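Read off the chains here:
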Amino acid sequence: MAQFEFDSSIKGALPADFQWGYATAAPQIEGAWNKDGKGLSIWDTFGHTPDKVKDGSNADDTARSYDLYKQDVARMKRYGVTAYRFSLSWSRIIPLGGKDDPVNEQGIEFYSKLIDELIANGITPFVTLFHWDTPQALEDRYGGMLDKEKYIPDFNRYARVCFERLGDRVKQWITYNEPGVYTLAGYAAGVHAPARSSFRDLNEEGDSSTEPFIVAHTELLSHAYAAKIYKEEFKPQQKGTIMITLHGNWNEPWDESDPKDVEAAQRAQEFEIAWFADPLYKTGDYPASMRAQLGDRLPRFTPEESRLVLGSSEAYGMNSYTAFYVRHRDAEPDINDHKGNVEVSDTNKHGVERGIESDTPWLRTSPWGWGKLLRWIWDRYQTPIFITENGTTAKGEHDFKPKGPDDVLEDPHRIDFYKSYLSEVAKASQEGVVIKSYFGWTFTDNWEWAAGFTDRFGATWVDFDDPEKPRYAKRSAYFLRDFFGHLIKGGTN
Ligand code: GBH
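Let me sum up the structure you'll find in this document. (Residues numbered from 1 in each chain as written. Predicted model: local features only at pLDDT ≥ 70, side-chain atom pairs only at ≥ 80, totals over all residues. Heavy atoms only, no water.)

1. Re the packing of aromatic side chains
Two aromatic rings are characterised by how far apart their centres lie and by the angle between their planes. With the rule as written, the count across this model stands at 53 aromatic pairs. An angle of 65° between the planes, with centres 5.9 Å apart, marks the rings of Tyr79 and Phe443 as edge-to-face. Residue Tyr79 is located in the loop between helix H3 (65-78) and strand S2 (83-87), and its partner Phe443 is located in the loop between strand S13 (435-441) and strand S14 (460-462); the two are separated by 364 residues in the primary sequence. In terms of burial, Tyr79 and Phe443 fall into one category: buried. Look at Tyr321 and Trp362: their rings are 5.6 Å apart centre to centre, the planes differ by 80°, and that puts the pair in the edge-to-face class. Highlighted residues: Tyr321 in the loop between strand S7 (316-319) and strand S8 (323-328) and Trp362 in the loop between strand S10 (356-357) and strand S11 (364-365), separated in sequence by 41 residues. A relative accessible area of 8% means that Tyr321 is categorised as buried. Under the relative-accessibility criterion, Trp362 is labelled partly exposed at 36%. An aromatic cluster is present here, built from Phe18, Trp20, Tyr22, Tyr79, Trp370, Phe417, Tyr418, Tyr421, Tyr438, Phe443, Tyr478 and Phe484 joined pairwise through their rings. Over the face of the ring belonging to Phe110 we find Arg92, whose NZ or CZ atom lies 6.0 Å from the ring centre. (Phe/Tyr/Trp six-rings, centres within 6.5 Å; stacked < 30°, edge-to-face > 60°. Helix = DSSP H or I, 4+ residues; strand = E, 2+ residues; numbered from the N terminus. Buried < 20%, exposed > 50% of the residue type's maximum accessible area, 1.4 Å probe, protein only. Lys NZ or Arg CZ within 6 Å of the ring centre and 35° of its normal.)

2. Overview of the site of the ligand
As a matter of local geometry, the ligand sits amid 14 residues, with Gln28, His131, Glu178, Glu448 and Trp449 nearest to it. Note that an oxygen atom of the ligand is positioned 2.9 Å from one of the side-chain N or O atoms of His131. For the ligand, an oxygen atom lies 2.6 Å from a polar atom in the side chain of Glu448. A class-by-class count of the residues in the shell around the ligand yields 7 nonpolar, 4 polar and 3 charged. (Near = heavy atom within 4 Å. Polar contact = N/O pair within 3.5 Å; in protein donor to acceptor, adjacent residues only side chain to side chain. Nonpolar A, V, L, I, M, F, W, Y, C, P; charged D, E, K, R; others polar.)

3. Quick notes on the sheet that holds S8
The mixed open sheet is built from 3 strands, whose spatial order is S6-S8-S9. Of all strands in the sheet, those bounded by a partner on one side alone are strand S6 (250-253) and strand S9 (342-345). Each adjacent strand pair in this sheet contributes to an overall mean axis angle of 40°, direction not counted. Packing of helix H13 (residues 367-381) onto the sheet brings it into contact with S6 and S8, and relative to S6 it is tilted by some 105°. (Pairing = 2+ DSSP bridges. Axes fitted to C-alpha atoms, helices over the stretch in contact; angles between N-to-C directions. Contact = heavy atoms within 4.5 Å.)

4. Some details on the environment of Glu117
Relative to the helices and strands, Glu117 is located in helix H5 (residues 105-120). Between the C-alpha atom of Glu117 and that of Lys70, which follows or precedes it by 47 residues, the distance is 7.1 Å. Dropping the residues within four chain positions of it, Glu117 is found in contact with Tyr69, Lys70 and Val73.

5. So, the layout of surface pockets
A water-sized probe rolled over the atoms picks out the places where empty space is left. Counted as a void, the largest pocket has a volume near 1100 Å³. Considering the residues around the largest pocket, the lining is formed by 41 residues, among which Val181, Ala185, His247, Asn249 and Trp362 are closest to the centre. Elements represented by at least two residues in the lining of the largest pocket include exactly helix H8 (179-188), helix H10 (259-282), S8 and S9. Together, 18 residues line the second largest pocket, and Pro194, Ala195, Arg196, Glu204 and Glu205 are the ones closest to its centre. Breaking the lining of the second largest pocket down by element, the ones donating at least two residues are helix H2 (42-47) and helix H6 (136-142). Residue classes in the lining of the second largest pocket are distributed as 7 nonpolar, 5 polar and 6 charged. (1 Å grid on protein atoms, 1.4 Å probe; cavity = no way out; pocket = protein on both sides within 12 Å on 5 of 7 lines; lining within 4 Å. Points joined across faces, edges and corners; volume = space filled by probe spheres on them.)

6. A word on the pattern of salt bridges
Here the structure, examined in full by the defined rule, presents 40 salt bridges. A salt bridge links Asp116 to Arg169, with the shortest nitrogen-to-oxygen separation between them at 2.8 Å. Of this pair, Asp116 sits in helix H5 while Arg169 is found in the loop between helix H7 (148-166) and strand S4 (172-177), placing the two residues 53 residues apart along the sequence. The residue Glu270 makes a salt bridge to Arg380 at a minimum N-O spacing of 3.6 Å. Linking Glu270 in helix H10 with Arg380 in helix H13, this pair joins segments that are 110 residues apart in sequence. By relative accessible area, Glu270 is classed as buried at 14%. The network of salt bridges with common partners includes Glu397, Asp411, Arg414, Asp445, Arg456 and Lys474. (Salt bridge = Lys/Arg side-chain N within 4 Å of Asp/Glu carboxyl O.)

Dropping the structure here:
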């Protein structure tokens, strides 16, 4: 096995109780889309609609982790993880989703067995309630999150069922994964489920200038109600923690000597991250820059809602992948703009690239921006950070031809990515930024939403052409195991 070399100046930089592992999402890995009583989610519908997914694939089988979870947990243990972040499929637990609809015991049973298996192997479960898969029945009944009065009681009940049935063993809860991506991709760009936008060549219905902000408001409020339920009814006995996970990349001025670009980069940061994070951790309200551009298209919090949302999340769940250069625009903002009236680019004024390419157009290796982002979040919100996703694709992995079950895919691009990003985590931590976890995205290759099987983010290569979905380690899985053995205080390297 390859020997990795580590920088001694960051040895032991992370605290002994630091948690690390991989993150996944139910629709991307489980398969078993209609098995054992599961109801449909909007991603089942999306995958079965022609021309929505790049390679024409769907989430019917994906990596079959529903069937293969025991071997997956055994593999994770070999990879040396201390924790595993996964999401629950709402429509597997409550097939029709609503507050008066029946619970599917077989759905509960699956997650219960998975949790037991993890704990038996010494792996701490981090459980996300919602990773984008709204029950289709709720979308049909009242338009899902567009109707907060109807949606919130349904989400509350779903959350309560999860706390009741799984909270004896789950101590780390995440309400939403990336509420911003759910609403921007699903209601502004219209390229994700539920596929709504103003663009009639792409979507039959929707309004990109209003719906994304309405849905975001519903997400914040329903998160806050679920967190209140947890804290009041369950936390006293169960003693767990509840948070939300936000997405966000780093926005760097295109010309750092132009005050308008500096301001534009900050505004982009606010549109992307502070949209959710200011109401949750800072002010209980949306940023002034968003109000100035969006006016009444941005909903308002009542004083009571504001108090409910502020402080509702007990830690900062952070997903981030890359960085962009942003430049101010002199023109008036477009009605469908949600980025803060900026121009985004891959190079800055001096022709410097934001990072080397992966196999995914938006994703470049940009550790310099990631380091700045960690400090920006810490400075602005002063809340302990749980890194809940970070990772990359690498070119050329579709062609891997394993020679035997123990063959390992060599992925130096991913190793370099993880090495550079984790070195920034270590340095920030040494400076006093409080970081409690790191989850690589993702455990196995999976169904990457509208990109289908064309993006391989896994630490494990999956042969999707084989109905058994056999798995093969990538070298980066062993790299991460050894690197965390170096970074975590008292570790073995
Ligand atoms: C995360 O989202 C998700 O939580 C996870 O499920 C997903 O598999 C993973 O990252 C990898 O993508 O094509 O230029 O319009 C990441 C946030 C936001 C990244 C939308 C891709 C589209 C950029 N995503 N973005 S573009």
